[in-house]
Amino acid sequence: MEFASRLASEDQREKFWACYNELREYCEHQSVAGYDHPFLWETLADFTPDDDVAIPLYLRALDGASAPELVDYRVSIRFALAERHKNKGDGLLARELAIAADDEAKQIDDLELRRRISSFLLARE
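Residues numbered from 1 in each chain as written. Predicted model: local features only at pLDDT ≥ 70, side-chain atom pairs only at ≥ 80, totals over all residues. Heavy atoms only, no water.

The protein goes by HEAT repeat domain-containing protein in an unreviewed UniProt entry, where it is assigned to Dyella soli.

Right, dumping it as structure tokens:
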């Protein structure tokens, strides 16, 4: 996705926010057009620096990832939510989300993500 590449490479605050807003508008346009795929909202959330703003975006992505074939999305979204809640100091909810991600991760082939979830759960912080 071109927007994501541009966001990742922008080092100036003004350009970052211009690209971010362009991505947000794209996601909203796609949603209105009937293409409300969890990838869109997860990507937007990934580039959202504020945890309080990112969490509802991840939840929107998770709502759209209920189909059985979208298990990869559910795992990564739940894990991202766990990290965001940990950042906010809500360790209990973060752990619950990481456990849910870990339970479903047994169904996916992404070994790196599975390792990151396991490391998160083993951390004592």
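## Comments concerning the packing of helix H3 (residues 38–46) against helix H5 (residues 71–87)
Heads up, the condition is: Note on definitions: angles span 0 to 180 degrees between N-to-C directions of axes, and those axes are lines fitted to C-alpha atoms, for helices only across the stretch in contact. Comment: elements are numbered from the N terminus, with helices defined as DSSP H or I runs of at least four residues and strands as E runs of at least two. Comment on the angle field: the value is read as roughly parallel under 35 degrees, roughly antiparallel over 145, roughly perpendicular from 65 to 115, and oblique elsewhere. Definitions for this section: a left-handed crossing has its near helix turned counterclockwise from the far helix by less than a right angle. A right-handed crossing has that turn clockwise. We call two residues in contact whenever any of their non-hydrogen atoms come within 4.5 Å of each other. Under the scheme applied, nonpolar residues are Ala, Val, Leu, Ile, Met, Phe, Trp, Tyr, Cys and Pro; charged residues are Asp, Glu, Lys and Arg; polar residues are all the others, including Gly.
Interaxial distance between H3 and H5 falls to 11 Å at its minimum, and their mutual angle equals 25°. When the axes of H3 and H5 are compared, the pair comes out roughly parallel. For the pair H3 and H5, the sense of crossing is left-handed. Between H3 and H5, the contacting residues are Pro38, Phe39, Glu42, Ala45 and Asp46 on the first element and Tyr73, Ser76, Ile77 and Arg84 on the second. Residues of the contact of H3 with H5, tallied by class, amount to 5 nonpolar, 1 polar and 3 charged.

## Topic: helix H4 (residues 51–63)
Helical geometry: 3.6 residues make up each α-helical turn, so side chains three or four residues apart lie on a common side. Put simply, the test is: The length a helix should cover is 1.5 Å for every residue beyond the first. Here the term buried applies to any residue with accessible area under 20% of the maximum for its type, exposed to any over 50%, and partly exposed to those in between, with areas from a 1.4 Å probe on protein chains only. Here a polar contact is recorded for every N or O atom pair within 3.5 Å, except that within protein the pair must consist of a potential hydrogen donor and a potential acceptor, and residues adjacent in sequence are included only if both atoms are side-chain atoms.
Taking 1.5 Å per residue as the helical rise, H4 with its 13 residues ought to reach 18 Å, and the 18 Å between its terminal C-alpha atoms agrees with that figure. Every buried residue of H4 is listed here: Asp51, Ala54, Ile55, Leu57, Tyr58, Ala61 and Leu62. For H4, the secondary structure elements touched by its buried residues are helix H2 (13–32), H3 and H5. For H4, the N-terminal capping position is held by Asp50, with its side-chain oxygen 2.8 Å away from the main-chain nitrogen of Asp52.

## Looking at the nonpolar core
Here is the rule we go by: Here the nonpolar core consists of buried residues drawn from Ala, Val, Leu, Ile, Met, Phe, Trp, Tyr and Cys, with membership extended through side-chain atoms lying within 4.5 Å.
Among the nonpolar cores identified, the biggest contains 33 residues, and Trp41, Leu44, Tyr58, Val75, Ile77, Leu81 and Ile117 are the most heavily contacted of them. When sequence neighbours within four positions are dropped, the list of residues in contact with Leu81 reads Ile55, Tyr58, Leu59, Leu62 and Leu97.

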